[in-house]
Amino acid sequence: DIMRIEGPHGDFFLREDSERPIILVATGTGFAPVKGIIEHALEENIDREIHLFWGARTKDGLYMNDLAEDWAKKNINLKYTPVLSRPDENWQGIKGYVQDAVLATYPDLSEQEVYSCGLPEMVKTSYATFCKAGLTQDRFFSDAFEFAIDSKKTKTSS
């Protein structure tokens, strides 16, 4: 039997032809593609600095937090910063929006590459604010997760 497989056609992947530090920004399930980028970088022994910022409303939204923490412990070039916008009273980490946490850590983004994945509003806001902080358009890579249209709600009766 012949099996034909076609890979993804997207452009959200690690650019390996650069030496620039990498900032990864994810919200919610936007972590999944970012996870792939990190795993690839670790597998290929890419020694660029990588800083992952993962935002969620609550700690439950950081569904693979232990993995991200483990990466940061085991890899000197990888930092991890979780950010919660609606934390409970026990949260000791950074509070607010993930893109604001990036800017608080890196007020000048003129030397970095940024990979942003998650909610469309976060990606859009990140781009606008990061460019004001010195990031150029050619060093911003993104994948905004759009919501699928519910086909049952959009069908009209005949």
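Reading guide: rules and limits
- Residues numbered from 1 in each chain as written.
- Predicted model: local features only at pLDDT ≥ 70, side-chain atom pairs only at ≥ 80, totals over all residues.
- Heavy atoms only, no water.
- Pairing = 2+ DSSP bridges.
- Helix = DSSP H or I, 4+ residues; strand = E, 2+ residues; numbered from the N terminus.
- Contact = heavy atoms within 4.5 Å.
- Axes fitted to C-alpha atoms, helices over the stretch in contact; angles between N-to-C directions.
- Buried < 20%, exposed > 50% of the residue type's maximum accessible area, 1.4 Å probe, protein only.
- Right-handed = clockwise from strand over helix to strand, strands pointing away.

Enquirer: In this structure, what is going on with the sheet that holds strand E3 (residues 78–84)? I would like to understand it.
Expert: The pairing of strands in a sheet happens through backbone hydrogen bonds and is either parallel or antiparallel. Read from one edge of the open sheet, 6 strands run E4-E3-E2-E1-E5-E6, paired in parallel fashion. The open sheet is flanked by strand E4 (94–95) and strand E6 (140–144), the only strands paired with a single partner. As judged from the 5 bridges shared by strand E1 (residues 22–27) and strand E5 (residues 113–118), these two strands associate in the parallel manner. Within E5, the position partnered with Ala 26 by the bridge is Cys 117. The sheet contacts of helix H2 (residues 65–74) involve strand E2 (50–56) and E3, and relative to E3 the element is tilted by about 150 degrees. The strands touched by helix H4 (residues 120–132) are E1, E5 and E6; relative to E5, the strand with the most contacts, the crossing angle is about 160 degrees.

Enquirer: What is the right way to read unusual backbone geometry from this model?
Expert: When glycine is set aside, most residues are seen to have a negative phi, and most peptide bonds are trans. Of note in the backbone geometry, Asn 45 takes a positive phi value of approximately 55 degrees without being a glycine. Structurally, the position occupied by Asn 45 is in the loop between helix H1 (31–43) and E2.

Enquirer: Help me understand the pairing of E5, please; the structure alone is not making it clear to me.
Expert: Taken residue by residue, a regular strand's side chains alternate between the two faces of the sheet. The element E5 is largely enclosed, with a buried count of 6 among its 6 residues. Here E5 shows two buried faces, one formed by Glu 113, Tyr 115 and Cys 117 and the other by Val 114, Ser 116 and Gly 118. As defined by bridge partners, E5 adjoins E6 across 5 bridges and the pair is classed as parallel. Within E6, the residue paired with Cys 117 across the bridge is Asp 143. This β-α-β element, E5 to H4 to E6, shows right-handed connectivity.

Honestly, it's all geometry; don't read function into it.
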